[in-house]
Amino acid sequence: MLLSIEDLRKSYLGPEGPVPVLRGVTLSLQAGETLALTGESGSGKSTLLHLVAGLDAADGGHVLLDGQEVTRLDDSGRARLRRSAVGIVFQQFNLIPSLDVAANIAFQARLNDTPEPRALSRLAGALGLEPHLRKYPEQLSGGQQQRVAIARALAARPKLILADEPTGNLDEATADEVMEQFLALVAETGAALLMVTHSPRLAARLGRQAHLSQGRLL
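Residues numbered from 1 in each chain as written. Predicted model: local features only at pLDDT ≥ 70, side-chain atom pairs only at ≥ 80, totals over all residues. Heavy atoms only, no water.

Draft legend 1. Broad picture of the layout of surface pockets. Taken as a whole, the largest pocket encloses approximately 260 Å³ of empty space. Around the largest pocket sit 13 residues that line it, and Arg82, Val86, Ile88, Phe90 and Gln108 are the ones nearest its centre. Contributing elements (two or more residues each) for the lining of the largest pocket: α2 (75-85), β6 (86-89), α3 (101-111) and α5 (142-155). Looking at side-chain class alone, the lining of the largest pocket contains eight nonpolar, two polar and three charged residues. (1 Å grid on protein atoms, 1.4 Å probe; cavity = no way out; pocket = protein on both sides within 12 Å on 5 of 7 lines; lining within 4 Å. Points joined across faces, edges and corners; volume = space filled by probe spheres on them. Helix = DSSP H or I, 4+ residues; strand = E, 2+ residues; numbered from the N terminus. Nonpolar A, V, L, I, M, F, W, Y, C, P; charged D, E, K, R; others polar.)

Below, the structure written as structure tokens:
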């Protein structure tokens, strides 16, 4: 089992006290498996992804990723695990504006000391980015920027991809094209994929679906 989540809980402090966001979530994901996480806004989908990635700390429960207990790691330990095992694709592209496309793609792999020029070139080619490698993010369309974000997430050969509404900022036609390329590359690498989406149509393209409502899986 690549990812095992058990009784995961998280609250945030509101004006009147703690506000529960996750109320005991349990799920698992095997290597190479794809899972779409659906649910209304505020149901805790993004929070769940952030806890799995070690971007935030849980209040209780367990996250076991690639044999490591994420919930017991300190900040530096979670950062190391994130670099070595996790690729993240956000709805906001989060590209580094001072780096060109080639450097953005290579960024995560370089942090992990795993840059492979041939692999990076192949990713760029598969996503149609070769003509744009010397451009900067501001010179790209939204669809092109999301392709760069996908290439960056895959470049370090992670075991788990976390995607938070990865095509939410794109029109439907562009979203379909980007998702087609994304899923093909994920399958090729053998990575597992946990993707948050509001779209039943996109969710249906993944191997499994889970629905989160008021902090609980249905």
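Draft legend 2. Region of interest: the sheet that holds strand β5 (residues 68-69). If you trace the four strands from one edge of the open sheet to the other, you get β2-β1-β4-β5, paired in antiparallel fashion. The open sheet has two edge strands, β2 (17-29) and β5, and neither has a second partner. Strand direction decides the pairing type here: strand β1 (residues 3-14) and β2, joined by 10 bridges, are antiparallel. By the bridge assignment, Ser11 is partnered in β2 with Pro20. Contacts from helix α1 (residues 45-53) reach β1, β2 and β4 (60-65), with the element oriented near 115° to β1. (Pairing = 2+ DSSP bridges. Contact = heavy atoms within 4.5 Å. Axes fitted to C-alpha atoms, helices over the stretch in contact; angles between N-to-C directions.)

Draft legend 3. Representation of the side chain of Thr47 in the model. The topology assignment puts Thr47 in helix α1. Residues within four places of Thr47 in sequence aside, it is in contact with Lys10, Tyr12, Val21 and Leu22.

Draft legend 4. Highlighting the side chain of Arg147. Within the element layout of this structure, Arg147 appears in helix α5. Side-chain polar atoms of Arg147 contact the side chain of Gln181, separated by 2.9 Å. Dropping the residues within four chain positions of it, Arg147 is found in contact with Leu127, Leu129, Glu177, Val178 and Gln181. (Polar contact = N/O pair within 3.5 Å; in protein donor to acceptor, adjacent residues only side chain to side chain.)

Draft legend 5. Quick peek at the pattern of salt bridges. Summed over the entire model, instances satisfying the criterion amount to 12 salt bridges. A salt bridge links Arg208 to Glu33; the nearest nitrogen and oxygen atoms lie 2.9 Å apart. Of this pair, Arg208 sits in strand β9 (residues 208-213) while Glu33 is found in the loop between β2 and β3 (34-38), placing the two residues 175 residues apart along the sequence. A salt bridge links Asp176 to Arg201; the shortest N-O distance between them is 2.5 Å. Remark: Arg201 occurs in helix α7 (residues 200-203) and Asp176 occurs in helix α6 (residues 172-189); sequence separation between them is 25 residues. One salt-bridge network, held together by shared partners, links Glu172, Asp176 and Arg201. (Salt bridge = Lys/Arg side-chain N within 4 Å of Asp/Glu carboxyl O.)

Draft legend 6. Summary view of the sheet that holds β3. Spatially, β6-β7-β8-β3-β9-β10 is the arrangement adopted by the six strands of the open sheet, whose pairing is mixed. The open sheet terminates on both sides in strands that have one partner only, identified here as β6 and β10 (216-217). Of the pairings in the sheet, the one linking strand β7 (residues 160-164) to strand β8 (residues 192-196) comprises five bridges and is parallel in character. Its bridge partner lying in β8, Ile161 is registered against Leu193. Taken strand by strand, α2 contacts β6 and β7, and its axis lies near 85° from that of β6.

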